[in-house]
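Spelled out, the chains give:
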Amino acid sequence: MEETRTVKYGIIGVGMMGREHQINLHHLSHEGVVVVAVADPHVPSQQSALDLARSFNWALQVFGGHKELLDSGICDVVIVSSPNMTHYEILMDIIAHPKPHHVLVEKPLCTTVAHCKEVVNAARRRPDILLQVGLEYRYMPPVAKLIEIVNGGKLGLVRMVAIREHRFPFLVKVKNWNRFNVNTGGTLVEKCCHFFDLMRLFASANPVLVMASGAMDVNHKDEIYDGKVPDIIDNAYVIIEFDNGSRGMLDLCMFAEGTKNEQEISVVGDLGKGEAFVPESIVRVGTRAAGRPGVETIHTADDRIRYEGLHHGSSYLEHLNFLQSIRTKGAQAPAVDLTDGLISVAIGVAAQLSIELGRCVAMEEVLG
């Protein structure tokens, strides 16, 4: 793909997140990108995407299904932002299609480890396709700064990673698909794959053991859909042991709107400690030698961000980086590959299983 050529995008699934991608790509128009097609069986979502496209002066083709979009041949890149349980079928169809389409797939990669593995194996047979998983939290400016500090060695050998997410409940989605584990993979897959990805990145290691405790204690208990009560947990603690001896801990609460920061990340090494706070967008870093008086507070920003959106500019940077991979024909590899997506799902599956069984779960139990 020549650098000067316009890169044409299609979006499969234009609910809230699909339209968020549409807006991000509009703010990347100066980079030579355009959304030319969307696919979604939900007519109101189609109309919302059309309204956005008109406001951007984009001509948009609308399809009722992903196969029609692929067969149209008009897209270079497709974004998969449809409900979680549809990812597997859509990805397999994209990979099998005669025309190569580069792919950015929203998290989670799939809802089961088995399906993730099938996608990974199928993609190996298509070296002409670049695939990136939408684990964009690593691009949030304070998180990116903390990653830089850890990689720079200031904290020494990482021993502990703790992530707290205290936030609002799950939003309402089309046909309430996100209220049931069978559709989402479970809260610890659907939502928390982001944090398991970050833990693995900070620890620079792979998980070996997971233990978790969680429940649905507050949210959604008075909701009924087609005679069924939701089963998605709204709070949990998860502990992960990694193969280099480091540990990770997740503290999740989805009925904690009254909090200053939605995410608080702590990384402790044998030489120092770093913390990132979102949306406050600050990082604190100190060393054992300098003690409390030596703790530095860093206010973070990324001047490349032209649209903050729903995730503090991380989706914009995600697109910018994936576009660079496309422009360089893979010379710059996608930052978040399918293995990253697989492992983040597998940790979530192990955590859900740990809650269900009331015991620790070895990663080999879910990965095989």
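In case you missed it, the structure is sitting above this.
Predicted model only: the values in this text are computed from it and were never measured. (Residues numbered from 1 in each chain as written. Predicted model: local features only at pLDDT ≥ 70, side-chain atom pairs only at ≥ 80, totals over all residues. Heavy atoms only, no water.)

S.K.: Give me the lowdown on the sheet that holds strand β12 (residues 272-278), citing residues and values where you can.
M.R.: The strand order across the open sheet built from 9 strands is β14-β13-β12-β11-β7-β10-β9-β8-β15, with neighbouring strands paired in mixed fashion. Where the open sheet ends on each side, the last strands, each with one partner, are β14 (296-299) and β15 (361-362). Here strand β8 (residues 207-215) pairs with strand β9 (residues 235-242) via 8 bridges, running antiparallel. Pairing of glycine 214 across the sheet is with alanine 236, part of β9. Sheet strands in contact with helix α6 (residues 141-151) are β7 (158-166), β11 (263-269), β12, β13 (282-287) and β14, and its direction is about 165° off that of β12. Along the sheet, helix α11 (residues 338-357) contacts β8, β9 and β15; its crossing angle with β8, the most-contacted strand, is approximately 50°. (Pairing = 2+ DSSP bridges. Helix = DSSP H or I, 4+ residues; strand = E, 2+ residues; numbered from the N terminus. Contact = heavy atoms within 4.5 Å. Axes fitted to C-alpha atoms, helices over the stretch in contact; angles between N-to-C directions.)

S.K.: Mind laying out the pairing of β9, listing which residues take part and the relevant values?
M.R.: Pairing between β9 and strand β10 (residues 247-253): 7 bridges, direction antiparallel. Looking at the pairing, isoleucine 239 lines up with methionine 249 of β10. In this structure, the hairpin formed by β9 and β10 is closed by a connection of 4 residues, where glycine 245 is found at a positive phi of approximately 90°.

S.K.: Please set out the packing of helix α9 (residues 193-203) against α11 residue by residue, giving values where relevant.
M.R.: For any two helices packed against each other, the geometry comes down to the angle between their axes and how far apart the axes lie. Contact geometry for α9 and α11: axes closest at 8 Å, N-to-C directions at 115°. Between α9 and α11, the interaxial angle falls into the category roughly perpendicular. Between α9 and α11 lies a crossing of right-handed hand. Contacts between α9 and α11 involve Cys193, Phe196, Asp197 and Arg200 from the first element and Thr339, Asp340, Ile343, Ser344, Ile347 and Gly348 from the second. For the contact of α9 with α11, the class distribution of residues is 4 nonpolar, 3 polar and 3 charged. (Parallel < 35°, antiparallel > 145°, perpendicular 65-115°, else oblique. Left-handed = near helix turned anticlockwise from the far one by under 90°. Nonpolar A, V, L, I, M, F, W, Y, C, P; charged D, E, K, R; others polar.)

S.K.: Let's hear about the side chain of threonine 184: which residues, and what values?
M.R.: Relative to the helices and strands, threonine 184 is located in helix α7 (residues 181-184). Looking at threonine 184, the relative accessible area reads 2%, which means it is buried. Of note is the side chain of threonine 184, whose polar atom sits 2.8 Å from the backbone nitrogen of glycine 186. Excluding residues within four positions of it along the chain, threonine 184 makes contact with Asn84, Pro108, Thr111, Trp177, Asn178, Val189, Glu190 and Ile232. (Buried < 20%, exposed > 50% of the residue type's maximum accessible area, 1.4 Å probe, protein only. Polar contact = N/O pair within 3.5 Å; in protein donor to acceptor, adjacent residues only side chain to side chain.)

S.K.: Lay out the nonpolar core in plain terms, naming residues and giving numbers.
M.R.: Among the nonpolar cores identified, the biggest contains 112 residues, and Tyr9, Phe202 and Leu250 are the most heavily contacted of them. If we skip the residues at most four places from it in the chain, phenylalanine 202 touches Val143, Leu146, Ile147, Val150, Val158, Val161, Ile265 and Val267. (Core = buried A, V, L, I, M, F, W, Y, C linked by side-chain atoms within 4.5 Å.)

S.K.: Would you mind going over the packing of aromatic side chains in detail, with residue names and values included?
M.R.: Inspection of every chain in the model, using the stated rule, returns 3 aromatic pairs. Pairing phenylalanine 180 with tyrosine 225 gives two aromatic rings, centres 6.2 Å apart and planes at 85°, and the pair type is edge-to-face. With phenylalanine 180 in the loop between β7 and α7 and tyrosine 225 in the loop between β8 and β9, the pair connects residues that are 45 residues apart, well separated along the chain. Exposure remark for tyrosine 225: the relative accessible area of 19% places this residue in the buried category. In this structure, arginine 167 packs its charged tip against the face of phenylalanine 168, placed 4.2 Å from the ring centre. (Phe/Tyr/Trp six-rings, centres within 6.5 Å; stacked < 30°, edge-to-face > 60°. Lys NZ or Arg CZ within 6 Å of the ring centre and 35° of its normal.)

S.K.: Could you give an account of helix α4 (residues 87-96), naming the residues involved and the relevant values?
M.R.: Taken together, the buried positions of α4 are occupied by His87, Ile90, Leu91, Ile94 and Ile95. End-on view of α4: buried residues confined to an arc of 130°, all on one side of the axis. Buried residues along α4 sit in contact with β1 (7-12), α3 (66-72), β4 (77-80), β5 (102-106), α5 (113-124) and β6 (131-134). (Arc of directions from axis to C-beta.)

Fair warning: the whole summary comes from geometry, so function is off the table for now.
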